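# Descriptive analysis of the structure
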Amino acid sequence: MNQPRIPRKRTYLLCPPEYFTVEYAINPWMDVTTPVDSELAVKQWYRLRETLLDLGHTVHELTPEPGLPDMVYAANGAFVVDGTSYGARFRHRQRAAEAESHRAFYEAYGWRHVSPTETNEGEGDFAYLPDAYGGLILAGYGFRTSAAAHAEAQEVLGRPVVSLRLVDPRFYHLDTALAALDDRTVVYFPEAFSPASQQVLAQLFPDAIRADEADAVAFGLNLVSDGRHVVLNSEATGMAAKVAAAGYLPVPVELSELKKGGGSVKCCVAELRP
Ligand code: ARG
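Here the residue numbers are simple positions, counted from 1 along each chain's written sequence. For this predicted model, a pLDDT threshold of at least 70 governs which residues receive local features, and a threshold of 80 or more governs which side-chain atom pairs are given and counted, while totals over whole chains, interfaces and linings are taken from all residues. Derived side-chain values reflect all non-hydrogen atoms in the structure, with water molecules and hydrogen atoms excluded from consideration.

### Thoughts on the overall build of the chain
Across its full length, the chain holds 7 helices and 15 strands. Both definitions apply: the radius of gyration is a C-alpha atom measure, and the globule rule equals 2.2 Å times residues to the power 0.38. A globule of 274 residues ought to have a C-alpha radius of gyration of about 19 Å, and the chain, at 17 Å, matches this closely. Taken along the three principal axes of its C-alpha coordinates, the chain extends 50 × 40 × 35 Å. Note on classification: 1.4 Å probe, protein chains only; a residue is buried when its accessible area is under 20% of the maximum for its type, exposed when over 50%, partly exposed between these limits. The burial tally for the chain puts 58% of its 274 residues in the buried class. In what follows, a contact means two residues having at least one pair of non-hydrogen atoms within 4.5 Å. Long-range contacts, defined here as pairs at least 24 residues apart, represent 72% of the contacts in the chain between residues at least 6 apart. In short, Shrake-Rupley with a 1.4 Å probe defines the accessible areas, and a residue's cover is counted only from the protein chains shown. Only carbon and sulfur atoms are counted for the fraction: they give 51% of the accessible area of the chain, which is about 11000 Å². All tallies of charge rest on Lys and Arg as positive and Asp and Glu as negative; His and the ends of each chain are not included. Lys charges are placed at NZ, Arg charges at CZ, Asp charges at CG and Glu charges at CD. Computed over 25 positive and 35 negative side-chain charges, the inter-centroid distance for the chain is 3 Å. Note on conventions: DSSP H or I runs of at least 4 residues are helices, E runs of at least 2 residues are strands, and numbering of each starts at the N terminus.

### As for the pattern of salt bridges
Salt bridges are defined by distance alone: a side-chain nitrogen of Lys or Arg within 4 Å of a carboxyl oxygen of Asp or Glu. Evaluated as defined, the whole model comprises 21 salt bridges. Residues Asp215 and Lys242 are paired through a salt bridge, measuring 2.4 Å at the closest nitrogen-oxygen approach. Taken together, the residues span a long stretch of sequence, with Asp215 in helix α5 (residues 213–217) and Lys242 in helix α6 (residues 237–245) at a distance of 27 residues.

### Some remarks on the site of the ligand
We call a residue near a molecule or strand when any one of its heavy atoms sits within 4 Å of it. Residues in close proximity to the ligand total 15 residues, the closest being Asn27, Arg95, Asp175, Gly261 and Cys267. With respect to the ligand, the side chain of Arg144 contributes an N or O atom lying 2.8 Å from an oxygen atom. One of the side-chain nitrogen or oxygen atoms of His173 is found 2.8 Å away from a nitrogen atom of the ligand. Here the ligand has 350 Å² of accessible area as a free molecule, and 100% of this is covered by the chains. In this analysis the probe radius is 1.4 Å and the grid spacing 1 Å, with only protein atoms considered; a cavity is a set of points the probe fits into but cannot get out of, a pocket is an open set with protein on both sides within 12 Å along at least five of seven lines, and lining residues have an atom within 4 Å of a point. Pocket or cavity membership: a molecule qualifies when more than half of its atoms sit within 2 Å of the grid points of that site. One can see that the ligand is located within the second largest cavity. Amino acids outside the nonpolar list (Ala, Val, Leu, Ile, Met, Phe, Trp, Tyr, Cys, Pro) and the charged list (Asp, Glu, Lys, Arg) are all regarded as polar, and Gly is one of them. Taken together, the residues that form the shell around the ligand break down as 5 nonpolar, 6 polar and 4 charged. Under the rule applied, a polar contact is a pair of N or O atoms within 3.5 Å (in protein, one hydrogen donor and one hydrogen acceptor; residues adjacent in sequence only if both atoms are side-chain atoms).

### Comments concerning the layout of surface pockets
Within this model, the largest pocket holds a volume of roughly 470 Å³. Residue lining of the largest pocket: 25 residues in total, with Gln3, Arg5, Asp182, Arg184 and Thr185 positioned closest to the centre. Grid points are joined across faces, edges and corners, and a volume is the space filled by probe spheres set on the points.

### Thoughts on the sheet that holds strand β15 (residues 270–271)
Here the rule is simple: two strands pair whenever DSSP picks up at least two bridges between them. Strand order in this open sheet of 3 strands is β2-β1-β15, and the pairing throughout is mixed. The sheet terminates laterally at β2 (58–61) and β15, the two strands that pair on one side only.

### Some details on the environment of Arg5
Following the sequence through the fold, Arg5 ends up in the segment before β1 (11–14). Between the C-alpha atoms of Arg5 and Arg228, which are 223 residues apart in sequence, the distance is 4.9 Å. When residues no more than four places from it in sequence are discounted, the contact partners of Arg5 are Asp182, Thr185, Gly227, Arg228, Ala246, Gly247 and Tyr248. One polar contact links Arg5 to Tyr248, side chain to side chain, over a distance of 3.1 Å.

### Structural notes on the pairing of strand β8 (residues 161–165)
Here strand β7 (residues 136–141) pairs with β8 via 5 bridges, running parallel. Bridged to Ala139 within β8 is Ser163. In terms of handedness, the path from β7 via helix α3 (residues 147–157) over to β8 forms a crossover that is right-handed. The path from the first strand over the helix to the second decides the hand: if it runs clockwise while the strands point away from the viewer, the crossover is right-handed.

### Digging into the nonpolar core
The set of buried Ala, Val, Leu, Ile, Met, Phe, Trp, Tyr and Cys residues whose side-chain atoms join them within 4.5 Å is what this entry labels a nonpolar core. Judged by nonpolar contacts, the single largest core of 38 residues is most densely connected at Leu138, Leu178, Val187, Phe193, Phe205 and Met239. Secondary structure elements with two or more residues in this core: β6 (126–129), β7, β8, β9 (178–180), β10 (186–188), α4 (195–204), β13 (229–233) and α6. Those residues in contact with Leu138 that lie beyond four places of it in its chain are Asp125, Phe126, Ala127, Leu129, Val162, Leu164, Leu174, Leu178, Val186 and Phe205. Core analysis: the second largest hydrophobic core is formed by 25 residues, Tyr12, Leu14, Met30 and Trp45 among them.

### Points about the packing of aromatic side chains
Two rings from Phe, Tyr or Trp (for Trp, the six-membered ring) form a pair when their centres sit within 6.5 Å of each other. Planes less than 30 degrees apart are called stacked, planes more than 60 degrees apart edge-to-face, and all others tilted. Inspection of the entire model under this criterion finds 10 aromatic pairs. Judged by centre distance (5.6 Å) and plane angle (80 degrees), the rings of Phe171 and Phe189 are edge-to-face. Linking Phe171 in the loop between β8 and β9 with Phe189 in the loop between β10 and α4, this pair joins segments that are 18 residues apart in sequence. Judged by its relative accessible area of 1%, Phe171 is buried.

What follows is the structure in structure tokens.
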């Protein structure tokens, strides 16, 4: 029998895809020769925003900047726990300036913001489970975020950080391979992790939902859940069926254009945890 899946109101930060294009390729999904329908990208993004608002969540917006086409992937700009934002330091120079916009946002809102020394791409590579072991951070490394940033995040945020090594370049951020469905439950694609990291995940989360490769390539792990409603890419039908079988309510959204940049729902959404 499934437990009741209770939603919790969330506060999110998003950035409209006004300047979104694929003009460089820094992950295997990006192909500069595939055309992007910018108008459709904007339309799909507004549907995503409406979906989060309709579910009763609060949405803040970052002002997009010309010359920063990946800024729509707002998850990468920082990682926020208990009112402290641990800032990003991007791996690739093309995205480096995004960190400054995020810093300005947090400071304007009066949040405690800590600028990092180590390379890390914010919530793209960090997940938080407030109700697991009293508050647990899961962190990915191998492609973007450095393992040293995991230790730095632990020092800044004062929560235990579990380091997980990503090994498949298609799943270059943690949020393409693992997601928190609620405050203690995760779903993940085991093969995206090193054998030892798979062992760590199996030990910590024996009851986790496991995704397969089809779920992962459909960006089915790149989801946003409020504990009950699971907003995910409409192409991820297999993943939708798995979360439904576990008692959650899948809420599919179309994000075909943003997928061309190597991201989906979660990449576009940063959670602000007061
Ligand atoms: N084009 C972006 C990059 O490669 C996509 C980022 C996706 N974000 C995420 N949280 N997975 O950096």
